[in-house]
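# Secondary and tertiary structure notes
The lines below spell out each chain.
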Amino acid sequence: MRAALAVAQVALRTGDVPVGAIILDDSNAIISRGCNKREDLDDPTAHAEIVAIRAAAQSLGTWRLDGCTLVVTLEPCAMCAGAIAQSRISTLVFGAWDEKAGAVGSMWDLLRDSRSLHKVEVRTGVLAEESSKLLQDFFKNQRH
């Protein structure tokens, strides 16, 4: 999670919401990193998870990320939860809960829904306070 938090700092440089993600392969080596790039790319789909998933698929030469772990500082939204399932990521680890748009337990639970075709192991609350503080500080500065 510390590596994902470091990646989140990159988003701050472009004025984007500081969310960071890394993907580990089945030997726990980092194969990709991603931060929010919506502002930088003018792309509404450029969430940290999507950026990291695209880079991991490129790195592995396949869209199937079986055995991989996605570590992200914020609970994924519905779009990102869908991408996690579609890419067959095995494990998701996230820090802060997103009470307004979270789709892995807050608003919805798309990855652990009994009707989901692909099951993802989910671990929550890892370095949640640090992840939350980064976001709170960002939004506090946006309001001033």
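Here the residue numbers are simple positions, counted from 1 along each chain's written sequence. Totals for whole chains, interfaces and linings use every residue, but because this is a predicted model, local features are given only for residues with pLDDT of at least 70 and side-chain atom pairs only at 80 or more, for both listing and counting. With hydrogens and water excluded, all non-hydrogen atoms of the structure serve as input to the side-chain values.

### Section: helix H1 (residues 2-13)
- Throughout this description, buried means an accessible area under 20% of the type-specific maximum (1.4 Å probe, protein chains only), exposed means over 50%, and partly exposed covers the range between. In this text, helices come from DSSP runs of H or I with a minimum length of four residues, and strands from runs of E with a minimum of two, each type numbered from the N-terminal end. Considered for burial, the residues of H1 that qualify are Ala4, Leu5, Val7, Ala8 and Ala11. With its buried residues spanning 160° around the axis, H1 presents them on a single face. Turned more than 90 degrees off the buried face of H1, the exposed positions are Arg2 and Arg13.
- Immediately beyond the C-terminal end of H1, within one or two residues, lies Gly15, with a positive phi of roughly 80°. This arc is taken over the directions from the axis of the helix to the C-beta atoms.

### Topic: helix H3 (residues 48-60)
- Any helix carries an expected span of 1.5 Å times its number of residues minus one. Given a rise of 1.5 Å per residue, 13 residues ought to cover 18 Å, and the 18 Å separating the end C-alpha atoms of H3 matches this to within 8%.
- Taken together, the buried positions of H3 are occupied by Ala48, Glu49, Ile50, Val51, Ala52, Ile53 and Ala56.
- Residue Gly61 follows H3 closely and has a positive phi angle near 75°.

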